[in-house]
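Below, each chain spelled out in residue letters.
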Amino acid sequence: GSTIVCVATLFALRSRWPAAARARGAEAFFLYTALLTAFLALEDSRAQHGSFPVYGDVPVSLAYAAYGVLALGMLGFERFVRRSDRLLLLAAVVFLALSRATAEGGWASHLGAPYGLNPVAGEMASVWGVVCWLVYVLRTATKYLNVQQAKHQAATKRQAAARADP
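The rules behind each value
- Residues numbered from 1 in each chain as written.
- Predicted model: local features only at pLDDT ≥ 70, side-chain atom pairs only at ≥ 80, totals over all residues.
- Heavy atoms only, no water.
- Patch = residues over 30% accessible without salt bridge, like charges linked within 9 Å, V, L, I, M, F, W, Y side chains within 5 Å.
- Areas by Shrake-Rupley, 256 points an atom, 1.4 Å probe, with all protein chains shown as cover.
- Salt bridge = Lys/Arg side-chain N within 4 Å of Asp/Glu carboxyl O.
- Lys, Arg positive; Asp, Glu negative; His and termini not counted.
- Charge placed at Lys NZ, Arg CZ, Asp CG, Glu CD.
- Helix = DSSP H or I, 4+ residues; strand = E, 2+ residues; numbered from the N terminus.
- Buried < 20%, exposed > 50% of the residue type's maximum accessible area, 1.4 Å probe, protein only.
- Expected span 1.5 Å × (residues − 1).
- Phe/Tyr/Trp six-rings, centres within 6.5 Å; stacked < 30°, edge-to-face > 60°.
- 1 Å grid on protein atoms, 1.4 Å probe; cavity = no way out; pocket = protein on both sides within 12 Å on 5 of 7 lines; lining within 4 Å.
- Points joined across faces, edges and corners; volume = space filled by probe spheres on them.
- Nonpolar A, V, L, I, M, F, W, Y, C, P; charged D, E, K, R; others polar.
- Contact = heavy atoms within 4.5 Å.
- Core = buried A, V, L, I, M, F, W, Y, C linked by side-chain atoms within 4.5 Å.

Our next topic: a positive patch on the surface. Positive charge collects at one region of the surface, where Arg83, Arg86, Lys143 and Lys151 lie side by side. Positionally, Lys143 belongs in helix 8 (residues 119–164). By relative accessible area, which is 46% here, Lys143 ends up partly exposed.

And the structure:
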């Protein structure tokens, strides 16, 4: 769902406000978010099924390193993160981290913690993480598109007023 929201937002930005999309980095932000969401979906599939053909025999620790790199990549978009609902983003990150920690072979087992953690709690954390991430992406995209629409309407009104005043 989040990937579709990002792609639809990219399409709307490119078709209606191409200069604003490139000038403000929105294009890169929503493309990055779509790629991050796709990675999260692949990793979740790998975690649920134990393996995934795309990963092959890639160690789990490498997937966790990729999580870290991708999370740090969000810092490059601090302008968007600062203006977005950071509480939802934090909730998504915490819930997704908890879901990975409670999964068999997850972070907790790599740190020496026993796999005595409740797997139902891990699944619930995963669901809440996905929901928070989807809502975060939806709210960020909606807010950005609304701002662009308001700027476009204001510019159109200024142009009409300039034409009316000789």
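Having seen it, we continue.
On to helix 6 (residues 86–102), then. End to end, helix 6 covers 24 Å across 17 residues, agreeing with the expected 24 Å (1.5 Å per residue, within 8%). Listed in full, the buried residues belonging to helix 6 are Leu88, Leu89, Ala92, Leu96, Ser99, Arg100, Ala101 and Thr102.

As a further point, take the packing of aromatic side chains. The relative placement of two aromatic rings is captured by the distance of their centres and the angle of their planes. Enumeration over the complete set of coordinates arrives at six aromatic pairs. Arranged with centres 5.5 Å apart and planes meeting at 75°, the rings of Phe29 and Phe77 form a pair that is edge-to-face. Linking Phe29 in helix 3 (residues 26–49) with Phe77 in the loop between helix 4 (60–73) and helix 5 (78–83), this pair joins segments that are 48 residues apart in sequence. Judged by its relative accessible area of 16%, Phe77 is buried. Through a chain of ring-to-ring contacts, the aromatic side chains of Phe29, Phe30, Tyr32, Phe77 and Tyr144 assemble into a single cluster.

Evaluated as defined, the whole model comprises two salt bridges. A salt bridge links Glu78 to Arg82, with the shortest nitrogen-to-oxygen separation between them at 3.1 Å. Taken together, the residues Glu78 and Arg82, both in helix 5 and four residues apart, mark about one turn of the helix. Looking at Arg82, the relative accessible area reads 45%, which means it is partly exposed. Across the pair Asp85 and Arg139 runs a salt bridge, and its minimum N-O distance is 3.5 Å. Remark: Arg139 occurs in helix 8 and Asp85 occurs in the loop between helix 5 and helix 6; sequence separation between them is 54 residues.

A separate point is the layout of surface pockets. The rolling of a water-molecule-sized probe over the atoms marks out the regions of remaining empty space. A volume near 710 Å³ is recorded for the largest pocket. Taken together, 31 residues make up the lining of the largest pocket; nearest its centre are Leu36, Leu40, Val93, Leu96 and Trp133. Mapped onto the lining of the largest pocket, the elements with two or more residues apiece are helix 3, helix 4, helix 5, helix 6 and helix 8. Class assignment for the residues of the lining of the largest pocket results in 20 nonpolar, seven polar and four charged.

Moving on, we get to a nonpolar patch on the surface. Residues Val120, Met124, Val127, Trp128, Val131 and Val135 make up a contiguous nonpolar surface patch of about 520 Å² in total accessible area. In this fold, Val135 is placed in helix 8.

One can find Val5 in helix 1 (residues 2–16). Look at Val5 and you get buried, because its relative accessible area is 16%. A sequence separation of 136 residues divides Val5 from Ala141, and the C-alpha atoms of the two residues are 7.6 Å apart. Sequence-distant contacts of Val5, that is, excluding residues within four places in its chain, are made with Leu134, Val137, Leu138 and Ala141.

Next up on the list: the nonpolar core. Ranked by internal contacts, the top residues of the largest apolar core, which has 30 residues, are Phe29, Phe30, Leu36, Met74, Trp133 and Tyr136. Of all the secondary-structure elements, those providing two or more residues to this core are helix 1, helix 3, helix 4, helix 5, helix 6 and helix 8. If you tally residues by element for this core, the top one is helix 3, at eight residues. Sequence-distant contacts of Phe29, defined by excluding residues within four places in its chain, comprise Met74, Phe77, Phe80, Tyr136 and Thr140.

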